[in-house]
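Okay, here's what each chain looks like letter by letter:
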Amino acid sequence: MGVSLSYEIQPKPEGIAQALIIAEKYINKSPCVLMLADNIFYGNGFSEKLQNACRSSSNTLFSYSVSDPERFGICEIDDDKKVISLEEKPSSPKSNLAVTGLYFYDENASEIAKKITPSKEGNLK
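Draft legend 1. How the structure looks around the environment of N52. Structurally, the position occupied by N52 is in helix 3 (residues 46–55). Judged by its relative accessible area of 38%, N52 is partly exposed. Within the structure, the side chain of N52 is placed 2.8 Å from the side chain of R55, a separation counted as a polar contact.

So this is what it looks like as structure tokens:
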């Protein structure tokens, strides 16, 4: 089993959903992984977690517990470990789970991204 890596330049930082639209020709209605380039991932059992995310039929967002959640994008999860909210650098965080910038998406990612309404800042969140 081999790996094929490709990339495109995001002209302006207008959100993660924009990256899924830019990469649509590569995604080609297949499951995909999006990783922010300024992060390094490592740790015991990390390979197994990646393999589990690849085998999963649902979308997967990786998070990490931090002591200063006000500095990060934060996800709130329910008892079934499903994401129920995302907040960028909240003053009153709903959790201490920082979004790491590693996402596993299903085959609908680009189509869903195209339906997102830009924020008032112009980002596709």
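Draft legend 2. Looking closely at the pattern of salt bridges. Using the criterion set out here, one finds 5 salt bridges in the structure. When the shortest N-O distance is used, the salt bridge between E14 and K12 registers 3.4 Å. A relative accessible area of 24% places E14 in the partly exposed class. We classify K12 as exposed; its relative accessible area is 51%. E24 serves as the salt-bridge partner of K114, at 2.8 Å between the closest nitrogen and oxygen. Taken together, the positions of K114 in helix 4 (residues 109–114) and E24 in helix 2 (residues 24–27) put the pair 90 residues apart, joining distant regions of the chain. Here the residues in one salt-bridge network are E24, E111 and K114, joined through shared partners.

Draft legend 3. Highlighting the nonpolar core. Counting 10 residues, the largest nonpolar core consists of A17, L20, I27, C32, L34, Y103, Y105, A109, A113 and L124. Every element with two or more residues in this core is listed here: helix 1 (16–22), strand 1 (32–35), strand 5 (97–105) and helix 4. If we ignore the near neighbours within four places in the chain, the residues touching L20 are I27, C32, L34, Y105, A109, S110 and A113. Ranked by size, the runner-up nonpolar core spans 5 residues in total, among them A53, F62, L102 and F104.

Draft legend 4. Spatial organisation of the pairing of strand 3 (residues 73–77). Across 5 bridges, the pairing between strand 3 and strand 4 (residues 83–88) is antiparallel. Paired with E76 across the bridge in strand 4 is S85. Sheet analysis places strand 3 next to strand 5, joined by 2 bridges and oriented antiparallel. Across the sheet, residue I74 finds its bridge partner in strand 5, namely A98.

Draft legend 5. Region of interest: the packing of aromatic side chains. Counted under the stated rule, the structure contains 4 aromatic pairs. Ring geometry for F46 versus F62: centroids 6.0 Å apart, planes at 70 degrees, classification edge-to-face. Here F46, found in helix 3, pairs with F62, found in strand 2 (residues 60–65); they are 16 residues apart in sequence, far enough to count as distant. By the burial criterion, F46 is buried, and F62 matches it. Taking the centre distance of 5.9 Å and the plane angle of 10 degrees together, the rings of Y103 and Y105 count as stacked. For the pair formed by Y103 and Y105, the shared burial category is buried. Through a chain of ring-to-ring contacts, three or more aromatic side chains come together here, namely F41, F46, F62 and F104.

Rules used in this analysis
- Residues numbered from 1 in each chain as written.
- Predicted model: local features only at pLDDT ≥ 70, side-chain atom pairs only at ≥ 80, totals over all residues.
- Heavy atoms only, no water.
- Helix = DSSP H or I, 4+ residues; strand = E, 2+ residues; numbered from the N terminus.
- Buried < 20%, exposed > 50% of the residue type's maximum accessible area, 1.4 Å probe, protein only.
- Polar contact = N/O pair within 3.5 Å; in protein donor to acceptor, adjacent residues only side chain to side chain.
- Salt bridge = Lys/Arg side-chain N within 4 Å of Asp/Glu carboxyl O.
- Core = buried A, V, L, I, M, F, W, Y, C linked by side-chain atoms within 4.5 Å.
- Contact = heavy atoms within 4.5 Å.
- Pairing = 2+ DSSP bridges.
- Phe/Tyr/Trp six-rings, centres within 6.5 Å; stacked < 30°, edge-to-face > 60°.

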